Each structure stands twice: as structure tokens, then as C-alpha cells.
Amino acid sequence: MTTLVLGGTGFIGRRAVRRLAERGERVAVMDINPNAVSFAEFGDLVTVMRGDIIEFEDVVKAVLASRPDRIMNLAYLLGSGDDTPHFTMKLNVLGMDNCFEAARICGVDRVVYASSVAVSGQQSAFGDRMVDEDDAMHGTSQYAMHKRFNEFQAQQFNSVYGMNITGIRPANVTGPDKVRGSTDHVMCITLPASGEPVSFPKSGFMRLPVHVEDVAEAFVRVTLSDSPHHSVYNTGGIPISLGDLAEMVRGFLPDADISFDSDGGKEDSGNYLVDNSRLLGEFELEYPPLQSRVRDIINDVRRDNGLPPV
Ligand SMILES: NC(=O)c1ccc[n+]([C@@H]2O[C@H](COP(=O)([O-])OP(=O)(O)OC[C@H]3O[C@@H](n4cnc5c(N)ncnc54)[C@H](O)[C@@H]3O)[C@@H](O)[C@H]2O)c1
């Protein structure tokens, strides 16, 4: 089977591509930044091409060149773009639509795309309870609105054309090389791991970290499935305040210099109580404890800095 991964050289994409190739699957990657990573170790199994998802022709060319059975779309603008609404809309909304429409006209009816926990908005909109995929969406940021529209458009394609398009809503994806999107929970681990101080406004601010390897595995399993039971899945994660995360880091690095300007912040947090039983149950996924993932990230950074593992 062949999977075309759009945005496949990014943070999640590069891992999803490797995981597919390690299973012996053929993978074609299209990315605007094709040289960000090398898949040379997989030889002909992984091919990489440059393309811009905003250009419908590029997407169609990529589909025709690779003749995929499945398409995974991870191409998006993360962590910025509020000051460039026109460009960001083209990448996030038109780009996603280009993916769905190119899949349709080329006869690929299985598509998996990234939505986000951001669609739900603030935890305060739900009170102190878990949120699942059927709850109302309250996200109002540009990013959240684009993801909400992506989900709407996927449903349109599914109902009008009988396609089988599935969304995954990652939570706060964490990993040693994350540079875009939510990064406070990442810097709380990576900067102390390389001996640098780090400071945050509020210790009670909640995050919902989930390791990038676990998210990549979720994308792969959902993509390889012929007929997922649902059209959207939460990855969820492990809810933790930045203050408690700092304590966890200090458990491995007692000298870690992590400071906070003040307490509080819980009431300002995005949705951090997320029910992911749909994804974990159907795809038999189990996340390792956060503590062991924090240790993995610390040791990834220490290895890159020539330091011994903790
Ligand atoms: N990282 C997270 O915490 C997180 C959380 C929730 C949802 N998501 C979603 O997961 C998906 C992947 O996120 P990521 O963390 O891997 O981001 P990333 O920025 O690392 O990867 C995005 C990839 O898209 C590529 N790209 C950008 N513009 C393009 C264009 N015009 N044409 C083709 N490719 C283009 C980039 O070069 C990059 O390789 C995104 O849809 C993101 O919104 C991520």
C-alpha cells in the first residue's frame, strides 16, 4: 500500500513517515520544505517531492505521481499567522480543501488529516469535566476556527461524495525538536536538560502533553485502517500544570532552574480534560507514563549536547 503524506517532513510527519516505512509501507512525501529531513535509509520505499498545498495543481501532481491508496495531511501553519490572515487561510483552509478535492478527483477515498484539541477552546467552557468528540466546539482563535472549518469540510466530502475522511485532534504534542505551536511545556523540559534557565508567567497553567511518537503512531494506525468507526478522534494526553511538570523535571535534574512569575493560570487554560477512549480503544493504543516520556526528552537533548543520560 502507498500513503502520500502532505507536510511529511514536519515534526509529526517525519515520524509518521518513518513508522509507515518501518512497517514496509510505501510512502510519498510532499512538503514545501522537502530537505528538512532525510529518509535515505529507506531507499526507494520513501520518495520526497517539493510541493505547495496552496497550489491545487501541486497536490494533484503529487497524487498522480504517487498513486496513493491513502493520503495523510499534516501541512499547516502552526504557532503564528494571526498577523497574516489571508495567507494563513489559504494554507490552512484552502490547502485542506485542495487535499480533499485532489483525493476525490483522483479516486483516493481514504484521507486522514490533523485537526486539533484547539477546536474545543477553553476548559472553562465545559467546567471541570472531560470533553469528548461529540461536545460542542468553543475554540475561537484563527487556528481553532480553521480547524473547525476543516472538520466541517471533511464531513461535507464524506456526506456528499461518500468519502472516508478521518480527523485526528492532537493535544499539546511534545518532543525534543518541537519549535512550532505550543512550546512552553517543551521548553520546561528541553532548556533545563541543556543546563539553561527557563521562566514562565504562571505555575498553575494547564497543558495536555502527548509525546510526538505516540501521536505519529496514532496517525499511522488510523491511516492504515480501512474503515475507522468514527470521523474524528481525540489523541488526548496527560493533563499537568507547568508547575507540576517542572517538579517532574527536577526529579531527574535536581538543579533545573525553572521559575514562575506567579501562581494560578488554571482558569486561563485551554481544554485539558479530554476523553480519548475512542482512539485508544479502537486502535489499541497505550501511552507510556508522562514521567518516562519526560525522561526520554531530557535524554534526547542530553545526547545531542554530549551529556550522559539521567
Ligand atoms: N504539534 C502540535 O502540538 C499539534 C497539536 C495539534 C494539532 N497539530 C496539527 O498537526 C499537523 C502537523 O503539525 P506539526 O507539529 O508536525 O507541524 P510542523 O509545522 O512541524 O509540520 C507542518 C509541515 O507542513 C509543511 N508545510 C507548510 N506549509 C506548506 C505548504 N504550503 N505546502 C506544503 N507543505 C507545507 C511544513 O514545511 C512542515 O513540514 C498540523 O495540522 C497541526 O495543526 C499539531
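Residues numbered from 1 in each chain as written. Predicted model: local features only at pLDDT ≥ 70, side-chain atom pairs only at ≥ 80, totals over all residues. Heavy atoms only, no water.

Tracing the backbone through its elements, the reader meets Ile71 in strand β4 (residues 70-73). You can call Ile71 buried: its relative accessible area is 2%. Residues Ile71 and Val108 lie 37 residues apart in sequence; the distance between their C-alpha atoms is 7.6 Å. Apart from residues lying up to four places away in sequence, Ile71 is in contact with Leu4, Leu6, Val63, Cys99, Ala103, Val108, Arg110, Val111 and Val112. (Helix = DSSP H or I, 4+ residues; strand = E, 2+ residues; numbered from the N terminus. Buried < 20%, exposed > 50% of the residue type's maximum accessible area, 1.4 Å probe, protein only. Contact = heavy atoms within 4.5 Å.)

The next thing to look at is the domain arrangement of the chain. Assigned domains within the chain: domain 1 (2-173 + 212-236) and domain 2 (176-207 + 238-270 + 288-304). For domain 1 versus domain 2, the distance between C-alpha centres works out to 27 Å. The partner domain 2 presents 15 residues to the 13 residues of domain 1 that form the contact. Both sides of the domain 1 and domain 2 interface together cover about 1,100 Å² of buried area, and 44% of this is carbon and sulfur. Taken together, the links from domain 1 to domain 2 amount to 3 salt bridges. Arg293 is paired through a salt bridge with Asp214; the nearest N and O atoms lie 2.9 Å apart. Taken together, the connections running from domain 1 to domain 2 amount to 6 residue pairs in polar contact (both at pLDDT 80 or more). Elements that contribute at least two residues to the side of domain 1 that touches domain 2 include exactly α1 (13-22), β7 (172-174) and α6 (212-224). (Domains from an automatic or database assignment. Buried area = accessible area lost by both parts, 1.4 Å probe. Salt bridge = Lys/Arg side-chain N within 4 Å of Asp/Glu carboxyl O. Polar contact = N/O pair within 3.5 Å; in protein donor to acceptor, adjacent residues only side chain to side chain.)

Bringing the packing of aromatic side chains into the picture now. Scanning the entire structure with this criterion turns up 7 aromatic pairs. Where Tyr76 meets Tyr143, the ring centres are 5.8 Å apart and the plane angle is 90°; that geometry is what we call edge-to-face. With Tyr76 in the loop between β4 and α3 (85-105) and Tyr143 in helix α4 (residues 142-161), this residue pair connects regions lying 67 residues apart in the sequence. What links up through ring pairs into an aromatic cluster is the set Phe100, Tyr113, Phe157 and Tyr161. Above the plane of the ring of Tyr76 lies Lys147, whose end atom (NZ or CZ) is 3.3 Å from the centre. (Phe/Tyr/Trp six-rings, centres within 6.5 Å; stacked < 30°, edge-to-face > 60°. Lys NZ or Arg CZ within 6 Å of the ring centre and 35° of its normal.)

Sites flagged by UniProt as "domain: NAD-dependent epimerase/dehydratase" (unreviewed entry) map to residues 4-236. Summarising residues 4-236: 36% helix, 21% strand, and an end-to-end C-alpha distance of 25 Å. (UniProt positions renumbered as here; feature names shortened; annotations may be inferred.)

This paragraph deals with the site of the ligand. The full set close to the ligand counts 26 residues, and Asp31, Asp52, Tyr143, Lys178 and Arg180 are the nearest of them. One of the side-chain nitrogen or oxygen atoms of Asp31 is found 2.6 Å away from an oxygen atom of the ligand. Its residues assigned to classes, the shell around the ligand comprises 14 nonpolar, 7 polar and 5 charged. (Near = heavy atom within 4 Å. Nonpolar A, V, L, I, M, F, W, Y, C, P; charged D, E, K, R; others polar.)

The phi torsion at Arg67 lies on the positive side, around 45°, for a residue other than glycine. The phi torsion at Glu284 lies on the positive side, around 50°, for a residue other than glycine. Relative to the elements of secondary structure, Glu284 occurs in the loop between α8 (277-282) and α9 (290-304). A relative accessible area of 68% places Glu284 in the exposed class.

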